[in-house]
Each structure stands twice: as C-alpha cells, then as structure tokens.
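Summary of structural features
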Amino acid sequence: MMKNFYEKVYDIVAQIPKGTVTTYGCIAMRLGNIRLSRLVGNALHANIDPVNIPCHRVVNREGKLAPMYVFGGIDAQKERLENEGVVVDGDKVDLKKYLWR
DNA sequence: GCCATGGCTAGTA
DNA sequence: GCCATGGCTAGTA
C-alpha cells in the first residue's frame, strides 16, 4: 500500500542532515510537485514526533523560521538550530550556507 | 474551509 | 500583497 502523503514528508525530513536546513518547496519537489509545498507545512504542523522528525530543520524559501512551530515557536526552533551550529539571524537563516538539497 | 508556501502581478516613484 | 493549490481536520447535523 502506498504511504500517505504525511508519512512521505516525514521520511524526507528525517533525512535532513544535522546542521543543515531545507525548505517546504524542496521537500515538495522531492515528492514530485512544487505545489504540494503548503501541504508540507501542514504535515509538519501535525508532527508529533520531534525526536525522530527534525522539523526544526525546515524553513520557508526565504530562510525564515516558523512562527507557529509546534514545540515552542520561533525561539525553540532557533535554539535547536543553533545547538547544531546553524547561525540564525533574527528569524531567518542564510539558505546559501545551510540549504540541503 | 484551513494552511509552518511560493510565485507572480499591479501600482507607485 | 494577492491567490492557486490540494490533502486533511474540526465541527456540525
């Protein structure tokens, strides 16, 4: 049976290397359609397993963090990223440096 | 209907 | 700054 969309999103997010980030759009591309990018956000919002699914490594295409990050908002996401060496300037990261693709 | 998006356009200076 | 997109969920009946 085909894995549902959310599971596929989680599979990809689980592969993002420590110390890098990716975007909703990149994940959507991997799933075959850039238009699914918004659904990627939905999937991460519903994520209940932050231990195995590092959703803090996903930002939007401008490199900005998620204001509605489930486990504590931008501050929590920022702290998690900084803990693995990603520099966060205000509420955004430099995609040229950290983008995983 | 809702969105943790992304891409493109209109309108100003 | 607007809106097309599409899988999912909350909330009503």
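Residue numbers restart at each chain and count upward from 1, following the sequence in its written direction. The order in which chains are written sets their letters, starting at A; the order in which ligands are written sets their numbers, starting at 1. Only residues with pLDDT of at least 70 get local features here, since the model is predicted, and only at 80 or more are side-chain atom pairs given and counted; chain-wide, interface and lining totals rely on the full set of residues. Side-chain measures were taken over the full set of non-hydrogen atoms in the model, leaving aside hydrogen atoms and water.

The name that an unreviewed UniProt entry assigns to chain A is MGMT family protein, with the source organism given as Hominilimicola fabiformis.

**As for the protein's contact with DNA strand C**
Around DNA strand C, the neighbouring residues are Tyr6, Arg35, Leu36, Arg38, Leu39 and Asn42. Only a single heavy atom is needed: when it lies within 4 Å of a molecule or strand, its residue is near that molecule or strand. When the atoms of DNA strand C within 4 Å of the protein are grouped by moiety, sugar and phosphate amount to 57% of the total. Nitrogen and oxygen atoms within 3.5 Å of one another constitute a polar contact, given that in protein one can donate a hydrogen and the other can accept it, and given that sequence-neighbouring residues count only through two side-chain atoms. Arg38 is positioned with one of its side-chain polar atoms (N or O) 2.8 Å from a base nitrogen of DNA strand C. Numbering goes from the N terminus for both helices and strands, where a helix is a DSSP run of H or I of at least four residues and a strand is a run of E of at least two. Per-element tally for the surface near DNA strand C: the top contributor is helix α3 (residues 37-45), with three residues. We call Asp, Glu, Lys and Arg charged. Ala, Val, Leu, Ile, Met, Phe, Trp, Tyr, Cys and Pro are nonpolar, and the rest, Gly among them, are polar. Split into classes, the residues belonging to the surface near DNA strand C amount to three nonpolar, one polar and two charged.

**Let's talk about the protein's contact with DNA strand B**
Contacts to DNA strand B come from 15 residues, most closely from Tyr24, Gly25, Arg38, His45 and Arg61. Tyr24 places a side-chain nitrogen or oxygen 2.6 Å from a base nitrogen of DNA strand B. One of the backbone N or O atoms of Leu44 is found 3.2 Å from a base nitrogen in DNA strand B. Looking at the surface near DNA strand B, the elements that each hand over two or more residues are α2 (24-30) and α3. It is α3 that provides the largest number of residues to the surface near DNA strand B, a total of six residues.

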